[in-house]
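Coordinate analysis (summary)
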Amino acid sequence: MNEEQRRASQQVKEPKDYSKYFEKVFTAPSLKDAKKRGKEDIKYHKDFTIDEAFLQMGVGRKFYIRTYGCQMNEHDTEVMAGIFASLGYEATTNIEEADVVLLNTCAIRENAENKVFGELGFLLKYKRKNPDMLIGVCGCMSQEEAVVNKILKQYQHVDMVFGTHNIHRLPNILKDAYLSKEMVVEVWSKEGDVIESLPKKRNGSIKAWVNIMYGCDKFCTYCIVPYTRGKERSRRPEEIIQEVRELAAQGYKEIMLLGQNVNAYGKDFEDSTYRLGDLMDELRTIDIPRIRFTTSHPRDFDDHLIEVLAKGGNLVEHIHLPVQSGSNDILKIMARKYTREHFLALVDKIKVAMPNVTLTTDIIVGYPNETEAQFEETLDLYRQVGFDMAFTYIYSPREGTPAAKMVDNVSDEEKKSRLHRLNDVVAEFSGKALKKLEGQVVEVLVEGSSKRRDDVLAGYTRSNRLVNFEADVPAEELVGKLVHVRVVEAKTHSLQGEFIEVVK
Ligand code: 5AD
Ligand code: SF4
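No experiment lies behind these values; they were computed from the predicted model shown.

**Side note on the overall build of the chain**
The helix and strand inventory of the chain stands at 16 helices and 22 strands. In terms of C-alpha radius of gyration, the chain reaches 24 Å, essentially the compact-globule figure of 23 Å for 504 residues. When the 504 residues of the chain are sorted by exposure, 54% land in the buried category. Within the chain, counting contacts between residues at least 6 apart in sequence, those at least 24 apart form 76% of the total.

Right, here's the structure in full:
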C-alpha cells in the first residue's frame, strides 16, 4: 500500500471517541434545541468581515459546490462562493480538480436526502485519488442529528459538516478542517441572527436573488424547515432596498425576494409595523423591470399587500401560493392554520384586485390517513382556483416533525395513484393556460439560447412561463433585454413564439 492509499483507507475506519475534540471543532445539531423559539432579541451583524489571517488560505486552490433544493440554498451557495473568492479560491466545475468539494443539501423530502448520501458515497472515489481533497456537507441536512450521526459513522471521508447558521464561519471551518485529522462538525441549532455584508458571487447577471427574511415559525406538521432554518427573522428594509438598488445599478433586470414565509416579513420588528406590503411599495419605485417573491403563506397574506401588488409596474402579476391540501381536515392536521374557505376567499380577493394574476401552488398528497374524499377535495379546489401550475409531492415523513409520528394507513400505491391523478389535472390546467396565450404578445426577459438549439432564444414571461423564439437579430443584442414576442404555439410546458421588438 503506498502512502496515498494508506491515507485514503484511514478515512473509512470506525468512528473514534470524539469527546476530547468536541469543544474545539464539534458542535452537534439538536432538533430539540432547534424547535425552541427564544424571546431573546435578534442580533444584527452589520458588517461581516473576514479575518486577515484567512485571506490567503485559498490561493492556488479550487472549490466546487453542488447545490440541492430550493432557491434559498442556491443563494446560500452564491454567498459561500463569495466567501471562497474572498479567501483566494478559484471556482471549478470539474470535481476532479477541486481542492474543496461542498454539498449544499436539502432535507425537505427523503429522496432529496438519498441523492446526497449517494453522492457522498461516490465522492469516496475522488478522495482516494486525492486524499488532500476536503469534502464538506452543509445546508439543511447538516441541521439534522440523525444525518450528522450517519455521516460520522458511515461517511468518514467527509472532512466537515456545517449548518445553515454557520455559513459565515466557513473560513474558520476550513482552517479547522485543514489542521484537524478528525471530522469538523459545527452546527448551531438555535439562531436568531441576521448577518449583513456577506460577500456574494452571483450566478448570472440578469436575475438575482435577495433574501428578505430567514427561518420559519409556522411549524406545519410535515415540515423540517423550521428546525433546519431557525426562527423567523427579517432583514431591515433599508438593507434590502439598498441591495436591490445596487443590483438595478449593475444592470440586473429581475429580483426574486426570498424567504421561507415572506408574508411574515417584519413580524419580528419590535419597533415598527412595517410589513411585506410596505416593502413592496418601496421596491416598486426602484428602476428595475421585475420584482417577484417566494414563498407565500396564505394565512399571513394581508389586504395591504394585495393593494400594493395591484399597482403593478415592476411588481409582477404572478403569486406562488402553496395551498398543500383542499380538505379542511387535512389542513388542520397539517397545522396550516387556514381553512379551504379562507384560502378560496383570499384567491377571490386577489383575483378581484389583480384580474390578470397567475396563481401557482404546492400540493402534498397522501398525507397520513388522507381519504379518497379528502383527496378529491384537493382536486376540486384546484379546479375551482384554476391554478396555472403546481409543484406536487407525495408526503415524505421527516424525523422530528409531528407528522412523522402519525400512523399512516394510505398505501404507497394509493399515494402514487393520487399524485398521477393530481398531475393530470395540473397538466390540463397548465395546457389550457398556455393555449390561451396563442396569438398574444407577451413580454419576455431574454436569458440566452434555448436548451436544445443554439439558434433559438429563451426567456420567461412576467408570469414565469418559458418562451422559446427565433429572431433575425443577433442573440448578443437581445440577451438581458425585455422583448415582445408573439406566441405562435403552446407546447406542453412552454411557449413557442416569434420576436417582434425590444421593449422600450
Ligand atoms: N413531504 C412532502 N412534501 C413536503 N413539502 C414540505 N415538506 C414536505 C414533506 N415532508 C413540500 C410543500 C412545500 C414544498 C416546498 O415542499 O408542498 O410547500
Ligand atoms: Fe415549512 Fe412553509 Fe410550513 Fe414554514 S410555512 S413550516 S417552510 S411548509
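**Remarks on the site of ligand 2**
Close to ligand 2 lie Cys216, Lys218, Phe219, Cys220, Tyr222, Cys223, Val225, Pro226, His297 and Arg336, which account for all nearby residues. Of the residues that constitute the shell around ligand 2, the class distribution is seven nonpolar, one polar and two charged.

**Quick look at the domain arrangement of the chain**
By domain assignment, the chain separates into domain 1 (3–186), domain 2 (204–316), domain 3 (329–337 + 355–435) and domain 4 (441–502). Counting residues at the interface gives eight residues for domain 1, matched by six residues for domain 3. Summing both partners gives a buried area of about 560 Å² for domain 1 against domain 3, and 49% of it is carried by carbon and sulfur. Considering only the side of domain 1, the residues that lose the most area to domain 3 are Leu31, Arg109 and Glu110, jointly responsible for 63% of the buried surface there. Across the pair Arg398 and Glu113 runs a salt bridge whose closest N-O atoms are separated by 3.0 Å. Put simply, domain 1 and domain 3 have three residue pairs in polar contact (both at pLDDT 80 or more) between them. Among the residues making up the side of domain 1 that touches domain 3, the classes are represented as four nonpolar, no polar and four charged.

**Overview of the UniProt feature "domain: MTTase N-terminal" (unreviewed entry) in the chain**
Taking the UniProt record as the reference, the feature "domain: MTTase N-terminal" (unreviewed entry) is found at residues 61–179. Along residues 61–179 the backbone is 47% helical and 19% strand, and the end-to-end C-alpha distance reaches 16 Å.

**Section: the nonpolar core**
In this structure, Met280, Phe301 and Ile350 are the most contacted members of the largest nonpolar core, which totals 58 residues. Non-local contacts of Phe301, meaning those with residues more than four positions away in its chain, are made with Asn263, Phe293, Ser296, Ile306, Leu309, Ile319, Leu321, Leu346 and Ile350. The next biggest cluster of nonpolar side chains, apart from the first, holds 31 residues, and it includes Phe26, Val116, Ile135 and Val158.

**A word on the packing of aromatic side chains**
Counted by the stated rule, this structure contains 14 aromatic pairs. Arranged with centres 6.2 Å apart and planes meeting at 45°, the rings of Phe343 and Phe387 form a pair that is tilted. In this pair, Phe343 sits in helix 13 (residues 340–353) while Phe387 sits in the loop between helix 14 (372–385) and strand 17 (389–394), placing the two residues 44 residues apart along the sequence. By the burial criterion, Phe343 is buried, and Phe387 matches it. The interplanar angle of 20° and the centroid separation of 6.4 Å between the aromatic rings of Phe469 and Phe499 together place this pair among those described as stacked.

**Structural notes on the UniProt feature "domain: TRAM" (unreviewed entry) in the chain**
Taking the UniProt record as the reference, the feature "domain: TRAM" (unreviewed entry) is found at residues 435–501. From the first C-alpha to the last, residues 435–501 spans 22 Å; its make-up is 9% helix and 51% strand.

**Quick word on the packing of helix 5 (residues 110–129) against helix 6 (residues 145–154)**
Viewed as axis vectors pointing N to C, helix 5 and helix 6 meet at an angle of 15°, and their least axial separation amounts to 12 Å. Comparing the axis directions of helix 5 and helix 6 gives the class roughly parallel. In this structure, helix 5 crosses over helix 6, and the sense of that crossing is right-handed. Mapping the contact onto sequence places Glu113, Phe117 and Leu120 in helix 5 and Val147, Lys150 and Ile151 in helix 6.

**Remarks on the pattern of salt bridges**
Within this structure, the stated rule accounts for 40 salt bridges. Residue Lys46 pairs with Glu239 through a salt bridge whose shortest N-O separation is 2.4 Å. Highlighted residues: Lys46 in the loop between strand 2 (43–45) and strand 3 (62–67) and Glu239 in helix 9 (residues 237–249), separated in sequence by 193 residues. In this structure Glu239 comes out as buried when scored by relative accessible area, which is 17%. With a closest N to O distance of 3.8 Å, Glu489 and Lys491 form a salt bridge. What makes Lys491 partly exposed here is its relative accessible area of 39%. Look at the salt bridges and you will find they share partners, linking Glu78, Glu196, Lys200, Arg202, Arg235 and Glu243 into a network.

**Overview of the sheet that holds strand 3**
The parallel open sheet is built from seven strands, whose spatial order is 1-8-7-6-5-3-4. The two strands at the open ends of the sheet, each matched to only one other strand, are strand 1 (26–27) and strand 4 (90–91). The sheet contact formed by strand 3 and strand 5 (residues 100–105) spans five bridges and is parallel. Pairing of Ile65 across the sheet is with Leu102, part of strand 5. In the packing of helix 4 (residues 71–86) onto the sheet, contacts are made with strand 3, strand 5, strand 6 (134–139) and strand 7 (160–162), and the angle to strand 3 comes to roughly 175°.

**Considering the sheet that holds strand 18 (residues 441–449)**
If you trace the five strands once around the closed barrel, you get 18-19-20-22-21, paired in mixed fashion. Geometrically, the sheet is characterised by an average inter-axis angle of 50° between neighbouring strands, direction not taken into account. The pairing of strand 20 (residues 466–470) with strand 22 (residues 495–502) spans four bridges and is parallel. Opposite Asn468, over in strand 22, you have Gln496 as the bridge partner.

**Details of the state of the cysteines**
On inspection of all chains with the given rule, the structure shows zero disulfides. Not engaged in a disulfide, the cysteine Cys138 finds its nearest cysteine sulfur in Cys140; these two sulfurs lie 9.9 Å apart.

**Concerning the side chain of Gln374**
Take Gln374: it is sitting in helix 14. On the basis of relative accessible area, Gln374 is assigned to the buried category, the value being 12%. Apart from residues no more than four positions distant in its own chain, Gln374 is found in contact with Ser327, Asp329, Ile330 and Asn369.

**Here's the deal with the site of ligand 1**
Near ligand 1 the following residues occur: Ile108, Arg109, Tyr222, Gln324, Asp362, Ile364, Tyr393, Ile394, Tyr395, Ser396 and Arg398. Taking Gln324, its side chain carries an N or O atom lying 2.7 Å from an oxygen atom of ligand 1. For ligand 1, an oxygen atom lies 2.7 Å from a polar atom in the side chain of Asp362. The protein chains hide 87% of the 400 Å² of surface that ligand 1 would expose on its own. Residues that form the shell around ligand 1 fall into these classes: six nonpolar, two polar and three charged.

Calculation criteria
- Residues numbered from 1 in each chain as written.
- Chains lettered and ligands numbered in written order.
- Predicted model: local features only at pLDDT ≥ 70, side-chain atom pairs only at ≥ 80, totals over all residues.
- Heavy atoms only, no water.
- Helix = DSSP H or I, 4+ residues; strand = E, 2+ residues; numbered from the N terminus.
- Rg over C-alpha atoms; globule rule 2.2 N^0.38 Å.
- Buried < 20%, exposed > 50% of the residue type's maximum accessible area, 1.4 Å probe, protein only.
- Contact = heavy atoms within 4.5 Å.
- Near = heavy atom within 4 Å.
- Nonpolar A, V, L, I, M, F, W, Y, C, P; charged D, E, K, R; others polar.
- Domains from an automatic or database assignment.
- Buried area = accessible area lost by both parts, 1.4 Å probe.
- Salt bridge = Lys/Arg side-chain N within 4 Å of Asp/Glu carboxyl O.
- Polar contact = N/O pair within 3.5 Å; in protein donor to acceptor, adjacent residues only side chain to side chain.
- UniProt positions renumbered as here; feature names shortened; annotations may be inferred.
- Core = buried A, V, L, I, M, F, W, Y, C linked by side-chain atoms within 4.5 Å.
- Phe/Tyr/Trp six-rings, centres within 6.5 Å; stacked < 30°, edge-to-face > 60°.
- Axes fitted to C-alpha atoms, helices over the stretch in contact; angles between N-to-C directions.
- Parallel < 35°, antiparallel > 145°, perpendicular 65-115°, else oblique.
- Left-handed = near helix turned anticlockwise from the far one by under 90°.
- Pairing = 2+ DSSP bridges.
- Disulfide = S-S within 2.5 Å.
- Areas by Shrake-Rupley, 256 points an atom, 1.4 Å probe, with all protein chains shown as cover.

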